[in-house]
Each structure stands twice: as C-alpha cells, then as structure tokens.
Amino acid sequence: MSAHKPLTAVLWDFGGVLTTSPFEAFNRYESEHGLPQNFIRTVNATNPHDNAWAQFESSQIDRDAFDQLFREEAIALGHDVSGREVLKLLSGDLRPKMVRALDRIREKYRVGCITNNVKTGQGPGMAASSERAQQMAAVMARFDVVVESSVEGVRKPDPAIYRIACERMTVEPDESAFLDDLGVNLKPAAALGMRTIKVLSEAQALTDLEALTGLRLTD
C-alpha cells in the first residue's frame, strides 16, 4: 500500500456492485428451468476471450448473432438455452446503500464507471423498462466518466479499458481504486497499480470502502 500515491479516484463496476448481481437471476432461471446451478456462468466461462459473451460485449456481433451463438455453446455443454432469454436477466436492482456511498465518495474523490455491457435493453444499465432505465440513468449521471465495453469495443479484463478510464479521468492507475464483483476483472487493475476491492456483498463492500476512503459510509 505504501507504493500507492494518495487516492484521488474511485472507479466502479456497475452490475453486481451498484446493482444486484445478474448471477442471482441466472440461478433463479436455472432453478425454474431444471438446469444445473451456475450453468449459464459455465457457458460464459468457456472460451472466455472470444465466446458469444466476449463478442457481444465488445460489439463484434449483434443480438441475433449472440442468441444463436450462445445457444450453440449451451447445447455443446448439454442444455438448450436461448441467448435472448439470458439477456432478459442482465438488469439487476439498484443497491440503495451503495448508491448513497457513491454520493458520499464523489464529494471527496473523482468517480468513474467501467462496465462490461451489451447493446440490449435501455441505456448502459441494460434496463428492461423505461422506469428502470430512468433509475439507472440517474446513477450513471453521478460519474465523471462512464466507460462501456459495448461502446469502446474492448472489455474487462483487457488492461486497455482501465487505461481508457484513467486517461479520461486524468488520473494515474496508482492513485485510483477499482471495485468489481469478479476477481478476473480485478487482476489487471491491480497489475496497473490500482487498489482493488472484490465485491462479495453490499455490507462487505461498504466496510472495505470505508477503510479505503476514510469516509463513514454506513449508518
């Protein structure tokens, strides 16, 4: 920690950090449809650099192509799952305590968002309704910079997307921190010099953020 410069910016993943994790919705879908638990995540994790998810998140394919390719990948692993059905599960619910923490942190630090998303639903949060899209947009508007994989054509964990965010925020990686719910996305951030927080739960993330920022974030 002593090698870091003083903290000036906090960067956030969106899904699974400021919203509930889509993995929870995946598990509900799997239970309702008689699929093995974490099957959708297994499809996503197979050939992760150029599978259907990787190509869709970096805008190399459209929604129709994703639907077909994801289904082919799922069938190859033993179950027929529509990509279109999975896309409906992506937009989680906002976590109010995390949003309040974001508000408090942005009073002292610059804040940015680095999100892997796809061109589906409404807005960067991939909302399924106009009301939800407005809620997500109100949170996105709090950030100084928002970097979306579907816009940039590059996705986490490619180090380039973290560099893009830091450059646009005019901060160095070693004076920044990054929160994500996936360890694979935190490793390249740490390699660039960022402090990292793996979000396992809302309560844990708030505790870690308090320790990192020196701010009181829990009531």
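Relevant structure appears above.
Now for a quick tour of the structure. These figures come from a predicted structure and were not determined experimentally. The numbering scheme is per chain: residues are counted from 1 as the chain's sequence reads. A pLDDT threshold of at least 70 governs which residues receive local features in this predicted model, and a stricter bar of 80 or more applies before side-chain atom pairs are shown or counted, although totals over entire chains, interfaces and linings include all residues. To get the side-chain values, all heavy atoms of the structure are used, and hydrogens and water are removed first.

### Quick look at helix α4 (residues 63–76)
Secondary structure elements follow DSSP: runs of H or I no shorter than four residues count as helices, runs of E no shorter than two count as strands, and numbering proceeds from the N terminus. Under the convention used throughout, the expected extent of a helix is 1.5 Å for every residue step, that is, one less than its residue count. Between the first and last C-alpha of α4 there are 20 Å, a value that for 14 residues agrees with the 20 Å anticipated at 1.5 Å per step. Note on exposure labels: buried denotes an accessible area under 20% of the residue type's maximum, exposed denotes more than 50%, and partly exposed covers the range between, all computed with a 1.4 Å probe on protein chains only. All buried positions along α4 are accounted for by F66, D67, F70, E73 and A74. Angular distribution of buried residues about the axis of α4 spans 140°; they occupy a single face of the element. Exposed residues on α4 whose side chains face more than 90 degrees from its buried face are Q68 and A76. Where α4 is buried, its residues meet α2 (39–45), α3 (52–57) and α5 (83–87). Each polar contact in these results corresponds to two N or O atoms within 3.5 Å; when the atoms are within protein, one needs to be able to donate a hydrogen and the other to accept it, and residues that are neighboring in sequence are counted only if both atoms are side-chain atoms. The N-capping residue of α4, defined by a side-chain oxygen 3.3 Å from the backbone nitrogen of D64, is D62. Positive backbone phi, at 110°, marks G78, one or two positions downstream of α4. Starting at the helix axis, one direction is taken to each C-beta atom, and the arc is that of these directions. The criterion used for residue contact is that any of the two residues' heavy atoms lie within 4.5 Å.

### A look at the packing of aromatic side chains
What counts as a ring pair is set by centres within 6.5 Å for rings of Phe, Tyr and Trp (its six-membered ring), and what kind of pair is set by the plane angle: stacked under 30 degrees, edge-to-face over 60, tilted for all other angles. This model, assessed by the stated rule, comprises six aromatic pairs. Judged by centre distance (6.3 Å) and plane angle (85°), the rings of W53 and F70 are edge-to-face. Of this pair, W53 sits in helix α3 while F70 sits in helix α4; the two residues are 17 residues apart in sequence, bridging distant segments of the chain. The residues W53 and F70 share a single accessibility class, namely buried. Pairing Y162 with F178 gives two aromatic rings, centres 5.6 Å apart and planes at 80°, and the pair type is edge-to-face.

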